[in-house]
Amino acid sequence: MNRNRKIFIIATIVFVSIVALIAIDMARRTTAPWNKKKQIVRAFDVTTESDSIAVDTTNVSK
């Protein structure tokens, strides 16, 4: 195997590894279509409007 072929093979392996790691990271951060309804319920689990105001931590009162 000549030098250029070794460099090509190493570069190919590095490139495929990087693409695979990016794909795995994207898959972990993405919600599956069959779990989206459950995620919405967890995100907006507020029973009344007054509770949401009481829970609001960005409200600064002086």
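Preceding this paragraph is the structure being described.
Parameters and conventions
Residues numbered from 1 in each chain as written. Predicted model: local features only at pLDDT ≥ 70, side-chain atom pairs only at ≥ 80, totals over all residues. Heavy atoms only, no water. Helix = DSSP H or I, 4+ residues; strand = E, 2+ residues; numbered from the N terminus. Buried < 20%, exposed > 50% of the residue type's maximum accessible area, 1.4 Å probe, protein only. Areas by Shrake-Rupley, 256 points an atom, 1.4 Å probe, with all protein chains shown as cover. Salt bridge = Lys/Arg side-chain N within 4 Å of Asp/Glu carboxyl O. Patch = residues over 30% accessible without salt bridge, like charges linked within 9 Å, V, L, I, M, F, W, Y side chains within 5 Å.

## Quick word on the overall build of the protein
Here comes step 1: When helices and strands are tallied, the protein shows three helices and zero strands.
Here comes step 2: Walking the protein from its N terminus toward its C terminus, one meets helices and strands in the order α-α-α.
Here comes step 3: Within the protein, buried positions represent 2% of all 62 residues.
Here comes step 4: Carbon and sulfur atoms form 64% of the exposed surface of the protein, whose accessible area is close to 6400 Å².

## Here we look at the pattern of salt bridges
Here comes step 1: Taken as a whole and assessed by the stated rule, the structure comprises one salt bridge.
Here comes step 2: Note that Arg29 and Asp25 form a salt bridge whose closest N and O atoms lie 3.1 Å from each other. Highlighted residues: Arg29 and Asp25, both in helix H1 (residues 3-29), separated by four residues, approximately one helical turn.

## Looking at a nonpolar patch on the surface
Here comes step 1: Side chains of Ile10, Val14, Ile18, Ile22 and Met26 sit close together on the surface and give an oily, nonpolar patch of about 490 Å² of accessible area.
Here comes step 2: Tracing the backbone shows Ile10 in helix H1.
Here comes step 3: On the basis of relative accessibility, which here comes to 55%, the residue Ile10 falls in the exposed class.

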